Amino acid sequence: MKPTAETDAGQLVELQAELQVLKEQLLQSEKLASLGQLAAGVAHEINNPIGYVSSNMKMLAEYSSSLINLVKLLSLQVEEGARTTLLTNFDFDYVCADLPKLVQESEQGLNRVVEIIRDLKDFSHIEDADFIEADLHQGIQSTFNLVANELKYKAEVIKEFTELPTLLCIPSQLNQVLLNLLLNAAQAIEQNGIIRITTGFNDNWLWFSVSDNGKGMSSAELARIFEPFYTTKPKGQGTGLGLSLSRSIIEKHRGVIDVDSTPGSGSCFTVKIPRQLPD
Ligand SMILES: Nc1ncnc2c1ncn2[C@@H]1O[C@H](COP(=O)(O)OP(=O)(O)OP(=O)(O)O)[C@@H](O)[C@H]1O
Ligand SMILES: [Mg+2]
């Protein structure tokens, strides 16, 4: 076809639209990167006070049990009637029983915070924006831990892991892909669903898949899911960028993402990453 002023103008409009999409994607991935940076920074800052609060807690447990023993011994020096009144006034029996429980619960709470911080750091892996040899299961576990609470109201999560070799990848970005897939799976389920995370490898590829028994997708929907801003979720719930960003991340790893879905029965997303990056 001979180029005309009209076709040129048409192409220009198309290019401008593509440029707009790319700009939005870049903005979104920059936002995610700085969110990751913020999370890693906060995790790092919290680590320090948590360290000394944890060790103080251990000392507190020791000191409080010594103090209780001391009060018990000293109270024997007091005449019986006065002793009973004093101990009752200070709810001594109750305090003795409750104090170790309080300390133990606080220690458990602190351990939970330490775990969350470790997961946040693993998830954001902010130090390495480059390809490194990484253990995929560690990334899957820390990403899963971060959303486990959100998932548990919707579905039981079954992990079917095969022992995997390490993978040359950008772990924080693959974590981001898994996070998007897990959230999509949960959002596709009304309640009492099943989400399955599977991993595997062969000579050339390493893969992970996320399947759900949620609402599934029609072929018309399937054709559009990787389009930026395509979403079927209510306004304010989805931006429609999760899968398009995930696909750019997977392409950066020279990998592929496959989808299998049946309306009413569920979907399965499989991400395959080559074990050797082509030159
Ligand atoms: N597991 C799934 N089951 C059913 N539909 C899905 C599933 N995963 C994705 N979709 C469909 O693909 C659309 C696009 O998904 P995508 O993750 O890109 O955006 P989103 O989830 O709508 O919003 P965002 O991820 O930006 O919060 C979803 O709105 C939904 O219609
Ligand atoms: Mg999504």
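Keep in mind that what you see is a predicted model, and the values were worked out from it rather than measured.

Student: It is not clear to me how the nonpolar core should be interpreted in this structure. Could you clarify?
Tutor: Nonpolar side chains in soluble globular proteins tend to be buried together. Counting residues in hydrophobic clusters, the biggest one holds 36 residues, and the most contacted among them are L136, L181, L182, I195, F208 and V271. Of all the secondary-structure elements, those providing two or more residues to this core are α4 (136-152), β3 (167-169), α5 (171-188), β4 (193-201), β5 (205-212), α7 (242-252) and β7 (266-274). Element by element, the count of residues in this core is highest for α5, at 8 residues.

Student: Help me understand the domain arrangement of the protein chain in this model?
Tutor: In many reports, interface size means the accessible area that the parts give up when they come together. When its domains are assigned, the protein chain resolves into domain 1 (1-127) and domain 2 (130-274). The C-alpha centroid of domain 2 is placed 26 Å from the C-alpha centroid of domain 1. Overall, the association of domain 1 and domain 2 removes approximately 1,300 Å² of surface from exposure, summing both partners, and the carbon and sulfur fraction of that is 67%. Linking domain 1 with domain 2 are 0 salt bridges. Taken together, domain 1 and domain 2 are joined by 0 residue pairs in polar contact (both at pLDDT 80 or more). Of all the elements in the fold, those that place two or more residues in the side of domain 1 that touches domain 2 are α1 (5-75) and α3 (92-124). Ranked by residues supplied to the side of domain 1 that touches domain 2, first place goes to α1 with 6 residues. In terms of residue class, the side of domain 1 that touches domain 2 is made up of 4 nonpolar, 5 polar and 3 charged.

Student: Where do I start with the pairing of β7 in this structure?
Tutor: Look at any regular strand and the pattern is simple: side chains alternate between the two faces of the sheet. With 7 of 9 residues buried, β7 lies mostly within the body of the structure. Looking at chain direction, β5 and β7 are connected through 8 bridges and run antiparallel. Counted as the bridge partner of S209 is T270 from β7. As judged from the 7 bridges shared by strand β6 (residues 256-262) and β7, these two strands associate in the antiparallel manner. Residue pairing across strands places S261 opposite S267, the latter belonging to β7. As consecutive antiparallel partners, β6 and β7 are separated by 3 residues, and within that stretch G264 has a phi angle of approximately 85°, a positive value.

Cut-offs used in this document
Counting of residues starts from 1 at the beginning of each chain's written sequence and follows it residue by residue. Starting at A for chains and at 1 for ligands, labels are handed out in the order in which the entities are written. pLDDT decides what is reported in this predicted model: residues at 70 or higher carry local features, side-chain atom pairs at 80 or more are listed and counted, and totals for whole chains, interfaces and linings draw on all residues regardless. Here the side-chain values reflect all heavy atoms present in the structure, with hydrogen atoms and water set aside. Nonpolar cores are built from buried Ala, Val, Leu, Ile, Met, Phe, Trp, Tyr and Cys residues. Side-chain atoms within 4.5 Å join them into one set. Accessibility here uses a 1.4 Å probe with only protein chains present; expressed as a share of the type maximum, an area under 20% marks a residue as buried, one over 50% as exposed, and anything in between as partly exposed. The secondary structure listing takes helices from DSSP runs of H or I that are at least 4 residues long and strands from runs of E that are at least 2 residues long, numbered from the N terminus. Start and end points for every domain follow an automatic or database-based domain assignment. By definition, the buried area sums, over both parts, the 1.4 Å-probe accessible area that each loses when the two are put together. In what follows, salt bridge is the name for a side-chain nitrogen of Lys or Arg lying within 4 Å of a carboxyl oxygen of Asp or Glu. Any pair of nitrogen or oxygen atoms within 3.5 Å is treated as a polar contact; in protein, a donor-acceptor pairing is required on top of that, and neighbouring residues in sequence qualify only through side-chain atoms on both sides. Three classes are used: nonpolar for Ala, Val, Leu, Ile, Met, Phe, Trp, Tyr, Cys and Pro, charged for Asp, Glu, Lys and Arg, and polar for all others, with Gly counted as polar. When DSSP locates at least two bridges between a pair of strands, those strands are taken to pair.

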